[in-house]
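Structural overview for review
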Amino acid sequence: MAARLEYGRLAPEGLAKMRALEHYLNTGTGLEAVLLDLVRLLASRLNGCEYCIGLHTDALRKLHEPEARIQGVVEWRGAGAYTERERAAFAWTEAITNIQDGHAPDAVYDEVRAHFSEVETVNLTFAITTINAWNRLAIGLGDFPGHAGAAVKA
């Protein structure tokens, strides 16, 4: 199935700005690469973006993450495989991704702040909002499995 719109061609400056933000997040924040990809994977799973799920699963494998940590990210609360810092980031990811469920609760914010500095909290929030934007582009306009109207691969 073809993309609904070729958003990269139609809005190259916007796409370039998003890529620049991704570059900053990956190279200029000091946030751990594994943490960033786990957060991106969790948000993508919550949003059902098959393209981004595959992308961040592959990235985590390249970082030599154990398969159990990759596959278990959605059920992180019941798994002992994650650090307290990662768990705080996951809770914040859920709160920011599912903002329609009642905004980001103070208790979740307090937990993320217990494990992240002020600037890290801002950069983590940038990472979460950016992956949510990528998910929405891929799902809404892309030609990837998981976007509206596309066949999802088995």
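Values in this document were obtained by computation on a predicted structure and should not be read as measured data.

**What to know about a nonpolar patch on the surface**
- Taken together, the side chains of Tyr24, Val122 and Phe126 define a hydrophobic patch exposed on the protein surface, amounting to about 250 Å² of accessible area.
- Here Tyr24 lies in helix H2 (residues 12-27).

**Re the nonpolar core**
- Core analysis: the biggest nonpolar cluster contains 28 residues, and Val39, Val73, Phe90, Trp92, Phe116 and Leu124 have the highest contact counts within it.
- Of all the elements in the fold, those that place two or more residues in this core are helix H3 (33-47), helix H4 (50-62), helix H6 (84-97), helix H7 (106-115) and helix H8 (118-141).
- When neighbours within four sequence positions are excluded, Val39 is seen to be in contact with Ala89, Phe90, Thr93, Leu124 and Ile128.
- In terms of nonpolar packing, the next biggest core, distinct from the first, is built from nine residues, Tyr7, Leu15, Ala43 and Ala138 among them.

**Comments concerning unusual backbone geometry**
- A positive phi angle, close to 65 degrees, is found at His64, a residue other than glycine.
- Structurally, the position occupied by His64 is in the loop between H4 and helix H5 (67-71).

Calculation notes
- Residues numbered from 1 in each chain as written.
- Predicted model: local features only at pLDDT ≥ 70, side-chain atom pairs only at ≥ 80, totals over all residues.
- Heavy atoms only, no water.
- Patch = residues over 30% accessible without salt bridge, like charges linked within 9 Å, V, L, I, M, F, W, Y side chains within 5 Å.
- Areas by Shrake-Rupley, 256 points an atom, 1.4 Å probe, with all protein chains shown as cover.
- Salt bridge = Lys/Arg side-chain N within 4 Å of Asp/Glu carboxyl O.
- Helix = DSSP H or I, 4+ residues; strand = E, 2+ residues; numbered from the N terminus.
- Core = buried A, V, L, I, M, F, W, Y, C linked by side-chain atoms within 4.5 Å.
- Buried < 20%, exposed > 50% of the residue type's maximum accessible area, 1.4 Å probe, protein only.
- Contact = heavy atoms within 4.5 Å.

Don't take any of this as a statement about function, it's just geometry.
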